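# Architecture and fold: a report
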Amino acid sequence: MDLIARAQAEVIKRHDFFVEWFTGRAGQAELATSIRAFAPDMVMIEPDSNTIGTEEIIAMITSARGKRPADFKIRVELIAARQIGDDIALVVYDEHQVIDGQKSARRSSAVFSADPDAPEGVVWRQLQETWIST
């Protein structure tokens, strides 16, 4: 599988995990696998422009287990992907969430680098999210 395909698969797999974790259906083994998908120096720029690093991202995910209702959903629409370096890929995607019937959406740009030890062979390096209309 090439770098672009691995990065796109990572986006899908990680959001599938988030649904399972946030609804309380995933266990600690799945969390440990997911954490391995984030580079130690990852940066996330949230839709409100707050910037957080890997430790904060992991703490946020860890504390969110079981905090969403059983019908919580995330739908990911892959928009574009391209290789921007030998081992670097950029994936742009829309993330649509439904929580208690309330819809929200964000467009995200994610930078990945190759890492053979990561679950899908790539790690998240940077993620920027922007609110969009649903």
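Below is a short write-up of the structure. In this convention, every chain numbers its residues from 1, walking through the sequence in written order. Given that the model is predicted, a residue must reach a pLDDT of at least 70 before its local features are reported, and side-chain atom pairs must reach 80 or more before they are shown or counted; all residues, however, enter totals for whole chains, interfaces and linings. Side-chain metrics in this entry use all non-hydrogen atoms of the structure; hydrogen atoms and water are not considered.

Before going further, it helps to examine the packing of helix α1 (residues 3-22) against helix α2 (residues 28-35). Helix axes are fitted only over the stretch in contact, all axes being lines through C-alpha atoms; the angle between N-to-C directions runs from 0 to 180 degrees. In this description a helix means any DSSP run of H or I spanning at least four residues, a strand means any run of E spanning at least two, and both kinds are numbered starting from the N terminus. The N-to-C vectors of α1 and α2 enclose an angle of 145°; their axes lie 11 Å apart at closest approach. Regarding α1 and α2, the two cross each other, and that crossing is left-handed. Across the interface between the two elements, Arg14, Phe17 and Trp21 of α1 pack against Gln28, Glu30, Leu31 and Ser34 of α2. Amino acid classes used here: Ala, Val, Leu, Ile, Met, Phe, Trp, Tyr, Cys and Pro are nonpolar; Asp, Glu, Lys and Arg are charged; the rest, including Gly, are polar. Among the residues forming the contact of α1 with α2, the class breakdown is three nonpolar, two polar and two charged. Here is the rule for handedness: rotate from the far helix to the near one, and if that takes an anticlockwise turn smaller than a right angle the crossing is left-handed, while a clockwise turn gives right-handed. Any two residues whose heavy atoms approach within 4.5 Å at even a single point are treated as in contact.

This next bit is on the packing of aromatic side chains. For this analysis, a ring pair means two rings from Phe, Tyr or Trp (six-membered ring only for Trp) whose centres lie within 6.5 Å, classed as stacked if their planes differ by under 30 degrees, edge-to-face if by over 60, and tilted for the remaining angles. The full count for this structure, using the stated rule, is six aromatic pairs. Summarising the aromatic geometry, the rings of Phe112 and Trp124 are spaced 4.6 Å apart at their centres and angled 55° between planes, so their arrangement reads as tilted. Linking Phe112 in strand β5 (residues 102-114) with Trp124 in strand β6 (residues 122-132), this pair joins segments that are 12 residues apart in sequence. Residue class for Trp124 comes out buried when judged on its relative accessible area of 2%. By way of ring pairs, the aromatic residues Phe17, Phe18, Trp21, Phe22 and Phe72 are connected into one cluster. Only when the NZ atom of a Lys or the CZ atom of an Arg is both within 6 Å of the ring centre and within 35 degrees of the ring normal do we say a charge sits over the ring. The side chain of Arg65 reaches across the aromatic face of Trp21, ending 5.2 Å from its centre. Relative accessibility thresholds used throughout: buried, under 20% of the residue-type maximum; exposed, over 50%; partly exposed, between the two (1.4 Å probe, protein chains only).

A pairing counts as a salt bridge when a side-chain nitrogen of Lys or Arg comes within 4 Å of a carboxyl oxygen of Asp or Glu. With the rule as written, the count across this model stands at seven salt bridges. Note that Arg125 and Asp41 form a salt bridge whose closest N and O atoms lie 2.8 Å from each other. Taken together, the residues span a long stretch of sequence, with Arg125 in strand β6 and Asp41 in strand β1 (residues 38-45) at a distance of 84 residues. Taking relative accessible area as the criterion, Arg125 reaches 30% and is therefore assigned partly exposed. In this structure, the salt-bridge partner of Asp94 is Arg107, at a minimum N-O distance of 2.6 Å.

Let's shift gears to the sheet that holds β1. For two strands to count as paired, DSSP must find a minimum of two bridges between them. With respect to topology, six strands assemble into an open sheet ordered β2-β1-β6-β5-β4-β3, the strand pairing being mixed. Because the sheet does not close on itself, it has two edges, and the strands there are β2 (51-53) and β3 (73-85). Across the sheet, the mean angle separating the axes of adjacent strands is 15° when strand polarity is ignored.

Relative to the helices and strands, Glu129 is located in strand β6. The class for Glu129 is buried, based on a relative accessible area of 6%. For the purposes of these results, a polar contact is taken to be a pair of N or O atoms within 3.5 Å, where, inside protein, one atom must be able to donate a hydrogen and its partner to accept one; residues adjacent in sequence count only when each atom of the pair is a side-chain atom. A polar contact is formed between the side chain of Glu129 and the side chain of Arg106, at a distance of 3.3 Å. What Glu129 contacts, discounting residues up to four positions off in sequence, is Met44, Ile45, Glu46, Pro47, Glu95, Arg106, Arg107 and Ser108.

So, about the pairing of β5. Put simply, side chains in a regular strand alternate between the two faces of the sheet. Here strand β4 (residues 88-99) pairs with β5 via 12 bridges, running antiparallel. Its bridge partner being in β5, Tyr93 is matched across the sheet by Ser108. Adjacent in sequence and paired antiparallel, β4 and β5 are bridged by two residues, among which Asp100 carries a positive phi angle near 50°. Note: β5 against β6, 10 bridges, orientation antiparallel. Bridge pairing in β6 places Ser109 opposite Gln128.

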